[in-house]
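In case you want the letters, here they are:
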Amino acid sequence: MSVKIDHEKCMHCGGCVSVCPVLAMELKEGKIEHLPEKCIDCGACIKVCPVGAIKKEEEK
């Protein structure tokens, strides 16, 4: 599992960046980026997103 960011919904508030315990979310050039190689699938970013722009993405 990983996460997918809906950049259309994202407000770039940085909440997900501040709660990620392993720094797998970054605010880069005004856009939130997910670093899957660092992600531990804790779901903290999903829970904190005020607009639901971050969702679980199941592996295929």
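Residues numbered from 1 in each chain as written. Predicted model: local features only at pLDDT ≥ 70, side-chain atom pairs only at ≥ 80, totals over all residues. Heavy atoms only, no water.

Enquirer: Help me understand the pairing of strand β3 (residues 31-34), please; the structure alone is not making it clear to me.
Expert: Two faces make up the sheet, and in a regular strand the side chains alternate between them. Covered by surrounding structure in β3 are I32 and H34 only, the residues K31 and E33 on the alternate face being uncovered. Sheet topology note: the strand β2 (residues 25-28)/β3 ladder contains four bridges and is antiparallel. Residue pairing across strands places M25 opposite H34, the latter belonging to β3. The antiparallel hairpin formed by β2 and β3 contains two residues in its connecting segment, where E29 sits at a positive phi of about 55°. (Buried < 20%, exposed > 50% of the residue type's maximum accessible area, 1.4 Å probe, protein only. Helix = DSSP H or I, 4+ residues; strand = E, 2+ residues; numbered from the N terminus. Pairing = 2+ DSSP bridges.)

Enquirer: In this structure, what is going on with unusual backbone geometry? I would like to understand it.
Expert: For residues other than glycine, phi is negative in most cases, and the peptide bonds are mostly trans. Positive phi, close to 60°, is recorded for H12, a residue that is not glycine. Relative to the elements of secondary structure, H12 occurs in the loop between β1 (2-5) and α1 (15-19). The partly exposed category is assigned to H12, whose relative accessible area is 32%. Here the phi dihedral of D41 falls at roughly 55°; this positive angle occurs in a residue that is not glycine.

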